[in-house]
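# A closer look at the structure
What follows is each chain in one-letter form.
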Amino acid sequence: HDAMMGSIGVVGGKFVIGRFLREIVGVNIGILSKGKRAGVLSAIEPFSEDGRKWFENSLDTTYTEFLTKVAMGRGPQVLLAKADALDKEAEEADRAWVSVSGSKSWFGAGQSGAAVKRAEADKIRTKASLLVAARRHSNHSL
């Protein structure tokens, strides 16, 4: 028998048309907003660094919640596999350095990125443990 296998994930982004409107169409658009991230999803300007981090965190949170729901049907191994993958990414971030003029400098996420990934892996493992406990409780109450 043939089997199909796929990957699960969450994808997000935004189209930015502000430059097109200004340079090609000749329309100038201004944004009036109040609040740190009020215009984060605006199609007029690209993400700021803070906005990009917020959006990526939002996608990561959505993905973790999605995995949690999948794990409720398939079992905690789904969550544990994600936690293991995050640990591997953290190890890679720890090793990600580049030699610049003979000195070592952190490249990319560096140590802070590794710490964030480890913290997320710990949260996911906690969810897996809670899922196992909830399953045991529901099996005993039947």
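Within each chain, residues carry numbers counting from 1 in the order of the written sequence. Local features in a predicted model are, by the rule used here, given only for residues with pLDDT of at least 70; side-chain atom pairs are given and counted only at 80 or more, and totals for whole chains, interfaces and linings are based on all residues. To get the side-chain values, take all heavy atoms of the structure and skip hydrogens and water.

Here we come to a nonpolar patch on the surface. For patches, a residue must show more than 30% relative accessible area and have no salt bridge; joins then use 9 Å for like charges and 5 Å for nonpolar side chains, namely Val, Leu, Ile, Met, Phe, Trp and Tyr. Areas reported here follow the Shrake-Rupley algorithm with a probe of radius 1.4 Å; residue values treat only the protein chains shown as occluding. Think of a salt bridge as a Lys or Arg side-chain nitrogen and an Asp or Glu carboxyl oxygen that are within 4 Å of each other. On the surface, F15, I17, F20, I24, V25, V27 and I29 cluster together into a nonpolar patch covering about 700 Å² of accessible area. By definition, any uninterrupted DSSP run of H or I lasting at least four residues is a helix, any uninterrupted run of E lasting at least two residues is a strand, and each is numbered from the N terminus. Tracing the chain through its elements places V25 in helix α1 (residues 18-25). Here V25 falls in the partly exposed class, since its relative accessible area comes to 44%. Only protein chains enter the area calculation, which uses a 1.4 Å probe; residues under 20% of their type maximum are buried, those over 50% are exposed, and those in between are partly exposed.

Quick look at the environment of Q77 now. Inspection of the secondary structure puts Q77 in helix α3 (residues 77-95). What makes Q77 partly exposed here is its relative accessible area of 47%. Between the C-alpha atoms of Q77 and A128, which are 51 residues apart in sequence, the distance is 7.9 Å.

Our focus in this paragraph is the pattern of salt bridges. In the structure shown here, the tally under the stated rule is nine salt bridges. Between D50 and R37 there is a salt bridge; the shortest N-O distance is 3.2 Å. Residue D50 is found in helix α2 (residues 49-74), and its partner R37 is found in the loop between α1 and α2; the two are separated by 13 residues along the sequence. Classification of D50 as partly exposed rests on a relative accessible area of 29%.

Averaged over every residue, the pLDDT of the protein chain is 79; residues scoring 70 or more account for 80%. On a scale of 0 to 100, pLDDT captures the predictor's confidence in every residue. Averaged over each element, pLDDT in the protein chain is lowest for strand β1 (residues 97-100) (42) and highest for α1 (92). Low confidence marks residues 97-110, where pLDDT is under 50. Its contacts with residues over four positions away, or in another chain, come to 14 contacts. Contacts: residue pairs with any heavy atoms within 4.5 Å of one another.

Put simply, a nonpolar core is a bunch of buried Ala, Val, Leu, Ile, Met, Phe, Trp, Tyr and Cys residues held in one set by side-chain atoms that sit within 4.5 Å of each other. Counting 12 residues, the largest nonpolar core is built from Y63, L67, V70, A71, V78, L79, A83, L86, A121, I124, A128 and L131. Contributing elements (two or more residues each) for this core: α2, α3 and α4 (110-140).

This part covers the packing of aromatic side chains. Ring geometry is summarised as follows: Phe, Tyr and Trp rings, the Trp one being its six-membered ring, pair when their centres sit within 6.5 Å, and such pairs are stacked at plane angles under 30 degrees, edge-to-face over 60 and tilted between the two. Scanning the entire structure with this criterion turns up two aromatic pairs. Ring centres 6.5 Å apart and planes at 45 degrees place the aromatic pair W54 and F55 in the tilted group. Of the residues examined, W54 reaches a relative accessible area of 32% and is grouped as partly exposed. Following the ring pairs from residue to residue traces out a cluster consisting of F47, W54 and F55. Only Lys NZ and Arg CZ are tested; either one counts as a charge over a ring when it is within 6 Å of the ring centre and within 35 degrees of the ring normal. When the ring centre of F47 is taken as origin, the NZ or CZ atom of K14, which lies over that ring, is 4.5 Å away.

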